[in-house]
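Architecture and fold: a report
Given next are the chains, with one letter for each unit.
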Amino acid sequence: MERTSITVVSLLVCLTFVLVKAEDPYLRFEWNVTYGTIAPLGVPLQGILINGQLPGPRINCTSNNNIVVNVFNHLDEPLLLTWNGVQQRKNSWQDGTPGTMCPIMPGTNFTYRFQVKDQIGSFFYFPTTDLHRAAGGFGAINVHSRALIPVPFDNPADDYSVFVGDWYNKGYKSLKKILDGGRTIGRPDGIHINGKSLKVGDKVAEPLYKMEAGKTYRYRFCNVGMRTSVNVRIQGHPMKLVEMEGSHTVQNVYESLDLHVGQCLSVLVTADQEPKDYYMIVSSRFLKQAELSSVAIIRYANGKGPASSDLPAPPPENTQGIAWSMNQFRSFRWNLTASAARPNPQGSYHYGQINITRTFKIVNSRSEVDGKLRYALNGISHTDSETPFKLAEYFGATDKVFKYDLMGDEPSTSDKVTVASNIKNATFRNFVEIIFENHEKTIQTYHLDGYSFFAVGVEPGKWTPEKRKNYNLVDAINRHSIQVYPNSWAAVMTTLDNAGLWSLRSEMWERFYLGQQLYFSVLSPARSLRDEYNLPDNHPLCGIVKSMPMPSPYKA
């Protein structure tokens, strides 16, 4: 009897050990968010730093890792951070948008807990509250493949994150006052690279990055700006595109690449030139006035000599530039033979053979409401509520906070713009098509939280159902953002298989702030933990739900 008991205990101990060992690893971070003086264009401003840094700390992780980030808000205003491109499977509670979470109040902390489930690629985080995006607070999220999953290129000698974007010298609080006053923030003052800006010929104490002759390096570029598309290029060094927003790409080589707001991509660069300094150049795209640009130094180890002032020419502008950029977009292809985050090849998912269940056609607009500038989607200019919409749903209080489906699936024929909370009901696991149609003269960029989608088409003019015959239904990039060129349309397709409340937004932050956004409410009819997690125990409550009794939790 005693031996039997010992055997049972031993088996239980072994089983417990196996279960513990089977859990995916945890990576833990502690971040202190503070104000700090920054000067990306040489003008000192109050910015937002994380652990005293800009860019902030890098989250360097592996697919399926569990990420725990304890954020201490030392600002004098509420704060939220979002994880741009991380799908937050079953877990919109951690998405970090005003529609899903109460903010981290000044002097308090909140611990984000999420898993980079079945994802790889280059992403970034940034603050979503007020105009904080214009103050910094951004950093890298690099998700690597698991050791046993093959990657379609050799390990690089090093892995470099490069954050580029436009910048304003007014400061984010002044920009907020301008928008709150009903005016546009206008043209940016310049371009930064990792929070700094240089011109050709400037002396630099330290190069941006170093390379050793004969070795190959990975550069992950992300456009963290407010409104401006940019072009990136490295003097004398072609760039081999290998990854874009979580998907391995066909490995085409480019002299320069357009990068739109909110987008990330990875290139391989081989140090095969004369050992000396070279310029990395980032220049604006599609601005009406003169081009804005910045440079950084890439230095060869033991190199001799400064970078040449003979810079590679930028791509064309105006109408020719749009056609050039559109053609480059069409050259981006999904690598169907590469493995994704799972062992199966990326191309094993035949999205082009799935019937479309529902089509959303969305048209952006700019107008004035009561004399103030507003941006809208299909006539609805979104406004946030004191009670996050996700909490209102969970507590059964939606009728006290918002109305569903004020925005139609088709654009309104009226010019009237309504300022209201814009939440669309969507059916769990439907395969949907989203058409973005841009009637304005400025380029747009959209991002969808909670999912990746297939960017199947971009063309000039207006979309009609006949345009579907031009879709790429074989190897379109699976990504989370899409640009829409002036007087053009873009089409994406995705399966709404991630229950939760998810932000579809303009990445042009002036437009986002003044209403060009919506939320998809994707509810699981089963209210099951198989589909969605419960409200986390540490989740702060605010608005009308703060005094309400807790609802019954989801069950397995």
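Residues numbered from 1 in each chain as written. Predicted model: local features only at pLDDT ≥ 70, side-chain atom pairs only at ≥ 80, totals over all residues. Heavy atoms only, no water.

Estimated volume of the largest pocket: approximately 840 Å³. Along the walls of the largest pocket sit 38 residues, with Gln 87, Asp 118, Arg 342, Ser 452 and Asn 478 positioned nearest its centre. Within the residue set of the lining of the largest pocket, elements represented by two or more residues are β6 (109–115), β28 (453–460), β29 (478–479) and β31 (488–495). Element by element, the count of residues in the lining of the largest pocket is highest for β31, at three residues. Its residues assigned to classes, the lining of the largest pocket comprises 13 nonpolar, 17 polar and eight charged. Every residue lining the second largest pocket is counted, 26 residues in all, and those nearest its centre are Arg 227, Phe 286, Lys 288, Lys 441 and Thr 442. (1 Å grid on protein atoms, 1.4 Å probe; cavity = no way out; pocket = protein on both sides within 12 Å on 5 of 7 lines; lining within 4 Å. Points joined across faces, edges and corners; volume = space filled by probe spheres on them. Helix = DSSP H or I, 4+ residues; strand = E, 2+ residues; numbered from the N terminus. Nonpolar A, V, L, I, M, F, W, Y, C, P; charged D, E, K, R; others polar.)

Once the charged atoms of two side chains with opposite charge are near each other, the side chains can pair. Going through the model one piece at a time under the given rule, you end up with 23 salt bridges. Between Glu 243 and Arg 218 there is a salt bridge, with the nearest N and O atoms lying 3.3 Å from each other. One end of the pair, Glu 243, is in strand β14 (residues 239–244); the other, Arg 218, is in strand β12 (residues 216–223), and 25 residues separate them in sequence. On the basis of relative accessible area, Glu 243 is assigned to the buried category, the value being 1%. Overall, Arg 218 belongs to the buried group, its relative accessible area being 9%. When the shortest N-O distance is used, the salt bridge between Arg 358 and Asp 409 registers 2.8 Å. (Salt bridge = Lys/Arg side-chain N within 4 Å of Asp/Glu carboxyl O. Buried < 20%, exposed > 50% of the residue type's maximum accessible area, 1.4 Å probe, protein only.)

Within the secondary structure, Gln 115 sits in strand β6. Leaving out residues up to four positions away in the same chain, Gln 115 has contacts with Asp 24, Asn 64, Asn 65 and Asn 66. Within the structure, the side chain of Gln 115 is placed 2.8 Å from the backbone oxygen of Asn 64, a separation counted as a polar contact. (Contact = heavy atoms within 4.5 Å. Polar contact = N/O pair within 3.5 Å; in protein donor to acceptor, adjacent residues only side chain to side chain.)

Here the focus is the sheet that holds strand β33 (residues 517–523). Within the open sheet, the five strands sit side by side as β25-β33-β32-β27-β30. Their pairing is mixed. Of all the strands in the sheet, just β25 (423–427) and β30 (481–484) have a single pairing partner and so form its edges. On average, each strand axis in the sheet is inclined to that of its neighbour by 20°, with strand direction left out of account. Here four bridges tie strand β27 (residues 444–448) to β30, and the two strands are oriented antiparallel to one another. (Pairing = 2+ DSSP bridges. Axes fitted to C-alpha atoms, helices over the stretch in contact; angles between N-to-C directions.)

Our next topic: the nonpolar core. Trp 31, Val 71, Trp 83 and Tyr 112 are the most contacted members of the largest nonpolar core, which has 49 residues in total. The residues touching Tyr 112, leaving out its near neighbours within four places in the chain, are Ile 67, Val 68, Val 69, Val 71, Leu 80, Leu 81, Trp 83, Gln 94, Gly 96, Met 101 and Ile 104. (Core = buried A, V, L, I, M, F, W, Y, C linked by side-chain atoms within 4.5 Å.)

Taking the UniProt record as the reference, the feature "domain: Plastocyanin-like" (unreviewed entry) is found at residues 32–146, 159–302 and 387–525. The annotated region residues 32–146 carries 0% helix and 43% strand content, and the separation between its end C-alpha atoms amounts to 30 Å. Within the segment residues 159–302, helix and strand shares are 6% and 47% respectively, and the terminal C-alpha atoms sit 20 Å apart. (UniProt positions renumbered as here; feature names shortened; annotations may be inferred.)

What follows concerns the pairing of β33. Among the seven residues of β33, six are classified as buried, and the element is accordingly described as predominantly covered. Direction of pairing for β25 relative to β33: parallel, over a ladder of five bridges. The residue of β33 that forms the bridge with Thr 427 is Leu 523. Two elements, strand β32 (residues 500–506) and β33, share six bridges in a ladder whose sense is antiparallel. Its bridge partner being in β33, Leu 504 is matched across the sheet by Leu 518.

Applying the stated criterion across every chain, the model contains 32 aromatic pairs. An angle of 75° between the planes, with centres 6.2 Å apart, marks the rings of Tyr 209 and Tyr 219 as edge-to-face. With a gap of ten residues between them, Tyr 209 in strand β11 (residues 209–211) and Tyr 219 in strand β12 connect regions that are remote in the sequence. On the basis of relative accessible area, Tyr 209 is assigned to the buried category, the value being 17%. Since its relative accessible area comes to 0%, Tyr 219 is described here as buried. Pairing Phe 389 with Phe 402 gives two aromatic rings, centres 5.5 Å apart and planes at 85°, and the pair type is edge-to-face. Here Phe 389, found in helix α4 (residues 389–394), pairs with Phe 402, found in the loop between α4 and β24 (418–420); they are 13 residues apart in sequence, far enough to count as distant. Of the two residues, Phe 389 and Phe 402, neither departs from the other in class, the shared state being buried. Pairwise contacts between aromatic rings join Phe 29, Trp 31, Trp 83, Phe 110, Tyr 112, Phe 114 and Tyr 125 into one cluster. The side chain of Arg 133 reaches across the aromatic face of Phe 126, ending 4.4 Å from its centre. (Phe/Tyr/Trp six-rings, centres within 6.5 Å; stacked < 30°, edge-to-face > 60°. Lys NZ or Arg CZ within 6 Å of the ring centre and 35° of its normal.)

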